[in-house]
Amino acid sequence: AVVSTQSTGYSDEGDYYCQASVNGLSKTVKMSLRVVVEPKVERVSGLFNTKGVGQAATFSVSVSGNPVPTAENITWAKLDERSLPIPLEDSRITYNADKTEMVFSDLVIDDEGWYKCLVITDEGRAEEEFVLYVLGMRSIESEAVGVVSNSVNMTCVATYFNMLNGYPTITWYRVDDPTTPLSGSTITRSITEHAISTLTLTDLSWSDDGDYFCTATYTSSYPEHSLGNATLTVRGTHV
């Protein structure tokens, strides 16, 4: 005997019995039906997550399937330059009990990138991706050389995500005078979502010799972030 069912659901799961009788003899066979469903994962937090250096980012998903995936079935990873997932191993990362939420604390610029949540069970595989933007100073020109009475340019680069927060305000300071902003800087935008600040010092003198740093200021949702030092060496003939 063959019994078939269509549109099998969770309610169909359980034990079934087949009984046959021949010439007054009967036999009962017990069969169990297990309904399995491939895993499914959906983003709970948004695709884009924008935070500042030093802040924390939270990524969360919901998972389903039968059996329901557990923490052992879930892996969080960062995608490398070839879009291959590299499992995360960092003391700044914590998870909830079922691993459907990841909190990444004390962010640095290098944490920026694409992340993936992978769910792998015997029944199948599912995944979801996230993008993390980290706002702050990315780099600063480490050394510059100028000549007395001439001009010199120094540059630093900050990240931004134009759709949400636009340009940061980038301010230059001398290390030995960290409260007095320097004038003469301009900001240009690059297509890679970087804001480039160029400080131009004109009519150089020996007093311009020294160390400088940059500070990027965003909206109130993100902390100010500074980066240094850029060393300017002024050359020329002492009079």
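1. Considerations on the side chain of Glu123
(1) Moving on: Within the secondary structure, Glu123 sits in the loop between β10 (113-121) and β11 (124-135).
(2) Moving on: Apart from the residues lying within four places of it in its own chain, the contact partners of Glu123 are Arg34, Val36, Val37, Glu38, Pro39, Asn66 and Pro67.

2. Considerations on the pairing of strand β9 (residues 101-104)
(1) Moving on: Pairing geometry for strand β5 (residues 57-66) and β9, over 4 bridges, is antiparallel. Bridged to Phe59 within β9 is Met102.
(2) Moving on: For strand β8 (residues 93-95) and β9, the ladder comprises 3 bridges, and the chain directions are antiparallel. Paired with Thr94 across the bridge in β9 is Val103.
(3) Moving on: Hairpin geometry of β8 and β9 is characterised by an intervening segment of 5 residues between the two adjacent antiparallel strands and by a positive phi of about 65° at Lys99.

3. A short note on the sheet that holds strand β3 (residues 37-43)
(1) Moving on: Pairing is antiparallel in the open sheet, where 4 strands are placed in the order β3-β5-β9-β8. Single-partner strands in this sheet number two, and they are β3 and β8. Along the sheet, successive strands turn relative to each other by an average axial angle of 20°, direction set aside.

4. Section: the pattern of salt bridges
It is possible for side chains bearing opposite charge to pair when their charged atoms get close.
(1) Moving on: Tallying each qualifying case throughout the model produces 10 salt bridges.
(2) Moving on: Overlapping salt bridges, with partners in common, bring together Lys116, Arg125, Glu127 and Glu129 in one network.

5. Description of the nonpolar core
(1) Moving on: Grouped together as the largest cluster of nonpolar side chains are 23 residues, with contacts concentrated most on Met154, Cys156, Trp172, Leu201, Tyr212, Cys214 and Leu232.
(2) Moving on: Of all the secondary structure elements, the ones that give two or more residues to this core are β12 (137-140), β14 (152-159), β15 (169-174), β18 (194-201), β19 (210-217) and β20 (225-235).
(3) Moving on: In terms of residue count, β14 provides more of this core than any other element does, 4 residues in total.
(4) Moving on: Within the second largest apolar cluster, 21 residues are counted, among which are Val41, Val53, Ala57 and Val63.

Reading the values: the criteria
Residues numbered from 1 in each chain as written. Predicted model: local features only at pLDDT ≥ 70, side-chain atom pairs only at ≥ 80, totals over all residues. Heavy atoms only, no water. Helix = DSSP H or I, 4+ residues; strand = E, 2+ residues; numbered from the N terminus. Contact = heavy atoms within 4.5 Å. Pairing = 2+ DSSP bridges. Axes fitted to C-alpha atoms, helices over the stretch in contact; angles between N-to-C directions. Salt bridge = Lys/Arg side-chain N within 4 Å of Asp/Glu carboxyl O. Core = buried A, V, L, I, M, F, W, Y, C linked by side-chain atoms within 4.5 Å. Buried < 20%, exposed > 50% of the residue type's maximum accessible area, 1.4 Å probe, protein only.

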